[in-house]
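# Inside the fold
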Amino acid sequence: MTTSIQWAELARAAKAASEQAYAPYSKFPVGVAVQAQSGKIYTGCNVENASYGGTICAERNAIAAAVVAGEREFVGLMVYTPQDQLTPPCGICRQVIAEFFTPDSPVRSCNHLEQQQEWTLEQLLPSAFTPLFLANSKKF
């Protein structure tokens, strides 16, 4: 079954999520919406921490919310930032996305200017370390 990606709804949901971001340090609010294979949409925002390593990105929050709801397969991801420059996911988020999305999955970014840019996961994270590597490991 092919699930049609609801890009307009993902953009609206990601923008709404960004308005809930807790970003007192970077002043860089991010909202993300992911669409599961089931068609359901889940959102997340960045939650910063005074101990910067404790910050959780919007992409990871959205995926975690979907996982808590029982989702494991996704078809699309939208990142929203109120920045002039379109913003792709950071490195650690790309790795988490690779855990649940396929290499050809589309990842989009949008902004307050209603611009969008799209990449595949493979473009964002070529040769990603995925569960396939663990399944093929050999014990010595």
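Owing to the predicted nature of the structure, the values given are computational and were not obtained by experimental measurement.

Our next topic: unusual backbone geometry. At K27, a residue that is not glycine, the phi angle is positive and equals roughly 55°. Within the secondary structure, K27 sits in the loop between α1 (7-18) and β1 (31-36). With relative accessibility at 61%, the residue K27 sits in the exposed group. In this structure, S127 is a non-glycine residue whose phi angle is positive, near 55°.

Bringing the environment of A64 into the picture now. For A64, the position within the fold is in helix α2 (residues 58-68). Sequence separation between A64 and Y42 is 22 residues; the distance between their C-alpha atoms is 9.1 Å.

Two cysteines form a disulfide when their sulfur atoms are joined by a covalent bond. Going through the model one piece at a time under the given rule, you end up with 0 disulfides. C93 supplies the cysteine sulfur nearest to C90, a cysteine that is in no disulfide, at a spacing of 3.7 Å. Residue class for C90 comes out partly exposed when judged on its relative accessible area of 33%. C110 forms no disulfide, and the closest cysteine sulfur to it belongs to C45, at a distance of 15 Å.

With 20 residues, the main nonpolar core has V32, V34, I63, F74, L77, I97 and F101 as its most contacted residues. In terms of residue count, α2 provides more of this core than any other element does, 4 residues in total. Once residues lying within four places of it in the same chain are set aside, the contact partners of L77 are W7, V32, A33, V34, E59, I63, I97, F101, P106, V107 and R108. In terms of nonpolar packing, the next biggest core, distinct from the first, is built from 9 residues, W7, A11, A33 and M78 among them.

Turning our attention to helix α3 (residues 91-100). Those residues of α3 not exposed but buried are C93, R94, I97 and A98. Along the long axis of α3, the arc covered by the buried residues comes to 145°, so they all point the same way. On its buried face, α3 sits against α2, β3 (74-81) and α4 (121-124).

On to the pairing of β3. Most of β3 sits inside the fold, with 8 of its 8 residues counted as buried. As paired elements, β1 and β3 share 6 bridges and run antiparallel to each other. Each bridged residue has a counterpart across the sheet, and for A36 the counterpart in β3 is F74. Two strands pair when backbone bridges link them, and β3 and strand β4 (residues 106-111) are joined in this way by 5 bridges, in the parallel orientation. Bridging from a neighbouring strand, T81 pairs with N111 of β4. With α3 bridging β3 and the parallel β4, this β-α-β connection has right-handed handedness.

Here the focus is the sheet that holds β1. Strand order in the open sheet formed by 5 strands is β2-β1-β3-β4-β5, and the pairing between neighbours is mixed. This sheet does not close on itself; its edge strands, each paired only once, are β2 (41-45) and β5 (116-120). Strand-to-strand twist across the sheet, computed as the mean angle between neighbouring axes with direction ignored, equals 20°. Sheet strands in contact with α1 are β1, β2, β3, β4 and β5, and its direction is about 140° off that of β1.

About the criteria used
Residues numbered from 1 in each chain as written. Predicted model: local features only at pLDDT ≥ 70, side-chain atom pairs only at ≥ 80, totals over all residues. Heavy atoms only, no water. Helix = DSSP H or I, 4+ residues; strand = E, 2+ residues; numbered from the N terminus. Buried < 20%, exposed > 50% of the residue type's maximum accessible area, 1.4 Å probe, protein only. Disulfide = S-S within 2.5 Å. Core = buried A, V, L, I, M, F, W, Y, C linked by side-chain atoms within 4.5 Å. Contact = heavy atoms within 4.5 Å. Arc of directions from axis to C-beta. Pairing = 2+ DSSP bridges. Right-handed = clockwise from strand over helix to strand, strands pointing away. Axes fitted to C-alpha atoms, helices over the stretch in contact; angles between N-to-C directions.

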